[in-house]
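The residues making up each chain are set out below.
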Amino acid sequence: RRRAYLPAPAIVPPTTRTTEERVIVRLMDESEIGAALRRGRDGTEAGNAATTAPAEIRYTLDGSEPTRESPRYAGPIELERSATIRARAFGEGGAESRAAEASYRLVRMVPGHGLSYTPFLGKFDKLPDLSEATTLKPERSGVLGDVDLSDFNIGTDEFALRIEGTITIDTPGEYTFSLASDDGSRLLISGKEVVANDGKHGTITRAGKATLAAGEVPITILYFNGGGAADLSLMYAGPGIEKQHVPIEKLTPKK
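Residues numbered from 1 in each chain as written. Predicted model: local features only at pLDDT ≥ 70, side-chain atom pairs only at ≥ 80, totals over all residues. Heavy atoms only, no water.

**Student:** Summarise the environment of Leu27; cite the residues concerned and give the values.
**Tutor:** With respect to the helices, strands and loops of the structure, Leu27 is situated in strand S3 (residues 23–27). With a relative accessible area of 7%, Leu27 lands in the buried category. Discounting residues that sit within four places of it in the chain, Leu27 has contacts with Ala10, Ile11, Ile57, Tyr59, Tyr73, Ile85 and Ala87. (Helix = DSSP H or I, 4+ residues; strand = E, 2+ residues; numbered from the N terminus. Buried < 20%, exposed > 50% of the residue type's maximum accessible area, 1.4 Å probe, protein only. Contact = heavy atoms within 4.5 Å.)

Next comes the structure, spelled out in structure tokens:
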């Protein structure tokens with residue numbers, strides 16, 4: 001008897017960033033998973049009762065690992081805000097697939113919201129001094145509508161950024177911030193380092209915690225790109241908030 005093979009559920013469309021009001025996400029139908037469950041890795045019928053039971057697809061919207069207790073996929077998922085979907089197929093006898101993942105960023109440009117940015121051109125292998133007292137000459141400044149660099153163009157792929165403003169905290173408590181970047185980055189909240197992700201590397205996500213009071217809280221992200229693709233994103237989770245990209249309406253540029 002050979003072990004049944006469960007493919008990871010396909011997620012359609014794959015990871016995307018959009019300015020649309022909503023995204024409709026579909027996962028591989030359970031009947032397709034069931035058909036694959038009845039086959040071995042070579043595609044031939046396994047031919048035993050243990051592999052003919054249908055598989056179930058379970059998913060999460062906050063990037064956490066799906067379990068057999070997670071919501072069961074029953075049809076297209078309508079997203080009206082940013083989310084990270086992870087899905088896994090579960091069969092009988094403890095069989096399960098690897099997790100499939102896709103992130104969706106619904107970016108709505110909101111006047112008066114976002115974070116200010118100040119760029120500095122140069123070749124860096126680690127974060128330079130980007131404080132107000134830096135000796136580096138800044139280039140033109142502006143406002144990022146979202147903590148994302150997919151549309152950012154400064155004419156070179158060797159630069160550093162100081163991104164700053166405030167984040168609105170509605171409910172006091174402990175928050176977890178996840179900062180992903182290629183290359184290095186740091187996150188400071190009220191002047192204190194919460195996440196350190198420095199160095200020249202591909203996209204790496206690091207996280208840190210901060211206990212915050214309600215209100216407008218100062219936030220600063222320091223970033224550099226040493227060449228090639230630039231990648232930067234910020235997610236958070238806290239009281240009543242599942243892990244998600246920080247909504248633009250919660251961010252205000254530095255005055």
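**Student:** Can you tell me about the environment of Gly122, naming the residues and giving the values?
**Tutor:** Counting through the fold element by element, Gly122 comes out in the loop between strand S8 (115–121) and strand S9 (142–144). A relative accessible area of 23% means that Gly122 is categorised as partly exposed. Taking the C-alpha atoms as reference points, Gly122 and Ala160, separated by 38 residues in sequence, lie 7.4 Å from one another. When neighbours within four sequence positions are excluded, Gly122 is seen to be in contact with Glu158 and Phe159.

**Student:** Tell me about the sheet that holds strand S5 (residues 77–79), and please be specific about residues and values.
**Tutor:** Note on sheets: strands pair through backbone hydrogen bonds, and any given pair is parallel or antiparallel. A sheet is described by the order of its strands in space; here three strands give the open sequence S1-S3-S5, paired in antiparallel fashion. Two strands lie at the open edges of the sheet, namely strand S1 (11–12) and S5, each paired on one side alone. In this sheet, S5 lies alongside S3 in antiparallel orientation, the contact comprising three bridges. Counted as the bridge partner of Val25 is Ile77 from S5. (Pairing = 2+ DSSP bridges.)

**Student:** Would you mind going over the pattern of salt bridges in detail, with residue names and values included?
**Tutor:** This model, assessed by the stated rule, comprises 18 salt bridges. Arg58 serves as the salt-bridge partner of Glu56, at 2.7 Å between the closest nitrogen and oxygen. Take Glu56: its relative accessible area is 26%, and that puts it in the partly exposed class. Ionic pairing is found between Arg86 and Glu101, a salt bridge with its closest N-O pair at 2.3 Å. Within this pair, whereas Arg86 is found in strand S6 (residues 83–90), its partner Glu101 is found in strand S7 (residues 100–106), the two being separated by 15 residues in sequence. Residues participating in the shared-partner salt-bridge network are Glu65, Arg86, Arg88, Glu96 and Glu101. (Salt bridge = Lys/Arg side-chain N within 4 Å of Asp/Glu carboxyl O.)

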